[in-house]
Amino acid sequence: APAQAQIVHAGQACVVKEDNISERVYTIREGDTLVLQCLITGHPRPQVRWTKTAGSASDKFQETSVFNETLRIERIARTQGGRYYCKAENGVGVPAIKSIRVDVQYLDEPVLTVHQTVSDVRGNFYQEKTVFLRCTVNSNPPARFIWKRGSDTLSHSQDNGVDIYEPLYTQGETKVLKLKNLRPQDYASYTCQVSVRNVCGIPDKAITFRLTNTTAPPALKLSVNETLVVNPGENVTVQCLLTGGDPPPQLQWSHGPGPLPLGALAQGGTLSIPSVHARDSGYYNCTATNNVGNPAKKTVNLLVRSMKNATFQITPDVIKESENIQLGQDLKLSCHVDAVPQEKVTYQWFKNGKPARMSKRLLVTRNDPELPAVTSSLELIDLHFSDYGTYLCVASFPGAPVPDLSIEVNISSETVPPTISVPKGRAVVTVREGSPAELQCEVRGKPRPPVLWSRVDKEAALLPSGLPLEETPDGKLRLERVSRDMSGTYRCQTARYNGFNVRPREAQVQLNVQFPPEVEPSSQDVRQALGRPVLLRCSLLHGSPQRIASAVWRFKGQLLAPPPVVPAAAEAPDHAELRLDAVTRDSSGSYECSVSNDVGSAACLFQVSAAKAYSPEFYFDTPNPTRSHKLSKNYSYVLQWTQREPDAVDPVLNYRLSVRQLNQHNALVKAIPVRRVEKGQLLEYILTDLRMPHSYEVRLTPYTTFGAGDMASRIVHYMEPINSPNLSDNTCHFEDEKICGYTQDLTDNFDWTRQNALTQNPKRSPNTGPPTDISGTPEGYYMFIETSRPRELGDRARLVSPLYNASAKFYCVSFFYHMYGKHIGSLNLLVRSRNKGALDTHAWSLSGNKGNVWQQAHVPINPSGPFQLFLRGFEGSGYLGDIAIDDVTLKKGECPRKQMDPNKAVVVMPGSGASRQPCPQLWGPVAIFLMALQR
């Protein structure tokens, strides 16, 4: 049988009243425990998987699914609300998927802010002051706002000096109280009270603000300039001074990027940083808030003087597109340091130890547009032999205790641009996984620039260090403990700094990382009947080299002779095979294939069983399997199962049954002989003399001529069976929550709702459905289906009675129905006899609007054996099609003689004094299904 599923909820649910019409909404308070259970049927027993739309069904990091019939989330958060899906599949047919929407309810503390506008009215000499009190809260469902002045509730109608409205695009999260042209009585305490109407027991919350004629937003000033430049090691103190604000604002310091430096102390408006370092540079923000107007903010840009990374560039004559230094051509030397503040750096050039003198042929420029900002360049026009020498660039902060940085550039006839190459035999580097590796490129030229390494492979753009580019002064890229994902092509190229500013020279190195093979299957259970052949195959999935160098087979640890090699497989072997011509008891056991690729080895394990049977699969959907025997205080249980793959091995001769009471050691063992077992055949055995109310562990093992197969086990729990009705107690009024043992059918789309006039949804569709049950009292319950949204075409609801024993030839089924609304469809009664097979017989039908009254139907049935009843309803053309039932009766014998046409049924008005009886009692196997199907 294919998988079927239905979601039910338990735990700390608090369903909102207006959502009662939908059984698929689970409302819960934030912080409570969510419990959802997926009730499943199907054989073999389906596997259950919980998922969630746009999120995780698990509260554990990176787990998106939960493989369990029960989903439990402790202390649920608002972000965990949404639609949850239960997927049940057992390999038969399509998987069953059901969903339920979880609505997490919460109410945060409200936030109240005050804003004021001041506008001059032309032609008059007065000012109009308007104040806005803005109350914002996060909640679900949307909160209801109540504004109070003192203890008096404010509204438009009671005071024309106020206006209450919801701003655009706030989605119910904000309410504004507008005080127009402030009056003396407007200076008072204002309270914003928010409420979610006690849903899920969430109490109301409130916030109060006192408005006075001195209420003002915060104002600030700083004790220092907005840009503060200091030397490293100095102590820095910055004061943020309040110049206005009522109520008194709160001050807070922050740093961007990142938190405040370690050791920094913020007390009120004073920020102290002892012994600053270069890393402490950044923006420091002082913010003042008092919920009036906008927060006041002042920012200090702290710059700690520092210099690092001195570099130079040699640029040959650009106009002549030369890459070499030549006499008679121009030459430019550039010098740059990374500094804070960058613009305060000064540069000085020296030649052969003496300051370089400016002339018509020697120019010193700053901020060359072709180079990084604040770079100093020395240009030599029409290079002469006398210009050869050593040039020194010195960068400094005048008057600051920061050490100078300098860098030398030697210009001579031997100064040539670089070349790069890979040493002989180093173009391809092969190492084993986990070992170190060194990639090398050689640079020639004077001066020799640094070498920059990068990855060529687009899918692996980053180096093992996590950087896209890595500098090496000696041209060697050193890798520690290489892994297989480091394999690929690496590029080395010359840098354009600390050398010639020309087109980079580059080369490539290939890195091959060898690793042991990965094979499949890692473990496999192989079953076969006696005398039949078996082929064992061990395949190479991954490895470097990607080939099998050797394959060794072992049986029960003993080395086997190498199998014959197939010529086609010998050229590029990617698998190893072993063929057993005929499986015997002696050849059954553990086989191991060890595969090597000269780097390492991996093994495939095969467990070969001759005629060893697979495990049985218990059938969990047996209807009412428990039979109680009150006098002896014992009960019996109908155990059912099928045999998994019975044709794969020798025939099953018998089953060994072991029954053990939980928490006991002794077990009762019994053999159950069987004839030839077919695939899908439902086998059955009745467990007797089980003691109420204990549970038992049942183990079932199939036996073939080979011996014992795989064992299956399950726990049998005692459940109080539903007793059969008797003739004097045969009507169910649905007054008890257990509804006389009726259950909702697990295969329908939605459920019947038990309700009365006091619990029915006040927002339900008008002009359809009953006002009360058949008794006419508001406390009386009935079963009801709602055809409004989210119901869709083809949805159906079915109510299932207990399974009863039938001991008479004729029966009469009576029930009251209420079919009121212009979109009523039809209600049908079917009888399903369960003798040798299932046979459905149409017994009764009623269609259309029958008025706002309860009416009774009497339907005679004559089943040929054990039977079930289906009451099935079809939805009409719209939402005014609600159907209700009440007082379902099953009696032996014939119905009243004056049986009327169903469309002219006897009217029983509310309050007619219809008798109220407990749930029915009747001997014999009978099941009643009450179904309303909408289409």
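Further up the page is the structure itself.
For the structure given in this document, a descriptive report is provided here. Note that the structure is a prediction, hence the values are computed from the model and not measured.

Definitions and cut-offs
Counting from 1, residues in each chain are numbered in the order their sequence is written. Residue-level local features of this predicted model are given only where pLDDT is at least 70; pairs of side-chain atoms are given and counted only at 80 or more, and the full residue set underlies all totals for whole chains, interfaces and linings. Excluded from the side-chain calculation are hydrogens and water; included are all heavy atoms of the structure. Under the scheme used here, helices are H or I runs from DSSP no shorter than 4 residues and strands are E runs no shorter than 2 residues, and both carry numbers assigned from the N terminus. Think of it in three bands: with a 1.4 Å probe and only protein chains considered, a residue is buried below 20% of the maximum accessible area for its type, exposed above 50%, and partly exposed in between. Only when DSSP finds a minimum of two bridges between them are two strands counted as paired. Helix axes are fitted only over the stretch in contact, all axes being lines through C-alpha atoms; the angle between N-to-C directions runs from 0 to 180 degrees. Within 6.5 Å between ring centres, the rings of Phe, Tyr and Trp (the latter by its six-membered ring) count as paired, and their orientation is classed by plane angle as stacked under 30 degrees, edge-to-face over 60, tilted in between. Only lysine NZ and arginine CZ atoms are considered, and such an atom sits over a ring when it is within 6 Å of the ring centre and within 35 degrees of the ring normal. Any carboxyl oxygen of Asp or Glu that lies within 4 Å of a side-chain nitrogen of Lys or Arg is treated as forming a salt bridge with it. Whenever two N or O atoms come within 3.5 Å, that pair is a polar contact, provided that in protein one can donate a hydrogen and the other can accept it, and provided that, for residues adjacent in sequence, both atoms are side-chain atoms. In this scheme, patches are assembled from residues that exceed 30% relative accessible area and form no salt bridge. Like charges are connected within 9 Å, while nonpolar side chains (Val, Leu, Ile, Met, Phe, Trp, Tyr) are connected within 5 Å. Exposure was quantified through the Shrake-Rupley algorithm and a 1.4 Å probe, taking into account, for residues, occlusion by the shown protein chains and nothing else. Cysteine sulfur atoms that come within 2.5 Å of each other are treated as a disulfide pair.

Regarding unusual backbone geometry
Line of reasoning, step 1. For the bond running from His43 to Pro44, omega is 0°, close enough to zero to count as cis.
Line of reasoning, step 2. Between Glu520 and the following residue, Pro521, the backbone shows a cis peptide bond with an omega angle of -5°.
Line of reasoning, step 3. Of note, Pro521 is situated in the loop between β42 (506–520) and β43 (523–528).
Line of reasoning, step 4. The phi dihedral of Asn663 is positive, around 70°, even though this residue is not glycine.
Line of reasoning, step 5. Relative to the assigned elements, Asn663 resides in the loop between β53 (654–661) and β54 (668–673).

Thoughts on the pairing of strand β26 (residues 331–340)
Line of reasoning, step 1. A large share of β26 lies buried, amounting to eight of its 10 residues.
Line of reasoning, step 2. Taken together, the nine bridges between strand β25 (residues 306–316) and β26 define a ladder with antiparallel strand orientation. By the bridge assignment, Ile314 is partnered in β26 with Leu333.
Line of reasoning, step 3. Relative to strand β30 (residues 376–380), β26 is paired through five bridges, and the arrangement is antiparallel. What sits directly across from Ser334, in β30, is Ser377.

Things to note about the sheet that holds strand β20 (residues 250–256)
Line of reasoning, step 1. The strand order across the open sheet built from four strands is β18-β24-β23-β20, with neighbouring strands paired in mixed fashion. Every other strand in the sheet has two partners, leaving β18 (227–230) and β20 as the edge strands with one partner each. Adjacent strand axes in the sheet meet at a mean angle of 20° when their direction is disregarded.
Line of reasoning, step 2. Bridge analysis of strand β23 (residues 282–289) against strand β24 (residues 296–304) gives seven bridges, and the strand direction is antiparallel. When the bridges of β24 are listed, Cys286 appears paired with Lys298.

As for the packing of aromatic side chains
Line of reasoning, step 1. One pass over the structure, following the stated rule, counts 10 aromatic pairs.
Line of reasoning, step 2. Here a set of aromatic residues connected by ring pairs shows up, and it is made of Tyr782, Phe784 and Trp854.
Line of reasoning, step 3. It is Arg484 that lies over the ring of Phe515; its NZ or CZ is 3.9 Å from the centre.
Line of reasoning, step 4. Seen from the ring of Phe618, Arg714 lies directly overhead, with NZ or CZ sitting 5.9 Å from the centre.

Some details on the pairing of strand β67 (residues 855–861)
Successive residues of a regular strand alternate their side chains across the two faces of the sheet.
Line of reasoning, step 1. Going residue by residue along β67, you find Gln855, Ala857, Val859 and Ile861 tucked away on one face and Gln856, His858 and Pro860 left uncovered on the opposite face.
Line of reasoning, step 2. Note: strand β64 (residues 811–819) against β67, seven bridges, orientation antiparallel. Each bridged residue has a counterpart across the sheet, and for Tyr817 the counterpart in β67 is Gln855.

Quick word on the pattern of salt bridges
Line of reasoning, step 1. According to the stated counting rule, one finds 30 salt bridges in the structure shown.
Line of reasoning, step 2. Salt-bridge contacts for Arg183 lead to Asp159; the nearest nitrogen and oxygen are separated by 3.1 Å. Here Asp159 lies in the loop between β12 (152–153) and β13 (162–165) and Arg183 lies in the loop between β14 (174–179) and β15 (189–195), a separation of 24 residues in the sequence. Taken as a pair, Arg183 and Asp159 share a single burial class, namely buried.
Line of reasoning, step 3. In this structure, Glu645 and Lys679 form a salt bridge, with 3.6 Å as the shortest nitrogen-oxygen distance. On the criterion of sequence distance, the pair formed by Glu645 in the loop between β52 (634–643) and β53 and Lys679 in the loop between β54 and β55 (683–691) is long-range, its members being 34 residues apart.
Line of reasoning, step 4. Note on Lys679: relative accessible area 57%, which makes it exposed.

With respect to the side chain of Asp886
Line of reasoning, step 1. As for its position among the elements, Asp886 is in strand β69 (residues 883–892).
Line of reasoning, step 2. Of the polar contacts made by the side chain of Asp886, one reaches the backbone nitrogen of Ile774; its length is 3.4 Å.

Topic: a nonpolar patch on the surface
Line of reasoning, step 1. Together, Met358, Leu363 and Val364 make up a nonpolar patch on the protein surface, roughly 240 Å² of accessible area in all.
Line of reasoning, step 2. Residue placement: Leu363 occurs in strand β29 (residues 362–366).
Line of reasoning, step 3. The partly exposed category is assigned to Leu363, whose relative accessible area is 34%.

Description of the state of the cysteines
Line of reasoning, step 1. Taken as a whole and judged by the stated rule, the model has seven disulfides.
Line of reasoning, step 2. Cys441 shares a disulfide with Cys492; S-S distance 2.0 Å. On the sign convention where negative means left-handed, the S-S torsion of about -80° between Cys441 and Cys492 marks this disulfide as left-handed. You can see Cys441 sitting in the loop between β35 (437–440) and β36 (442–446) and its partner Cys492 sitting in strand β40 (residues 488–494), a full 51 residues away along the chain.
Line of reasoning, step 3. With relative accessibility at 2%, the residue Cys441 sits in the buried group.
Line of reasoning, step 4. Through a disulfide, Cys538 is tied to Cys604; the S-S separation comes to 2.0 Å. On the sign convention where negative is left-handed, the bridge of Cys538 and Cys604, at about 70° about the S-S bond, is right-handed. Here the residue Cys538 occupies a position in strand β44 (residues 534–544), and Cys604 occupies one in strand β49 (residues 601–610), the gap between them amounting to 66 residues. Each member of the pair, Cys538 together with Cys604, is buried.
Line of reasoning, step 5. With no disulfide of its own, Cys593 lies 4.1 Å from the sulfur of Cys538, the closest cysteine sulfur.

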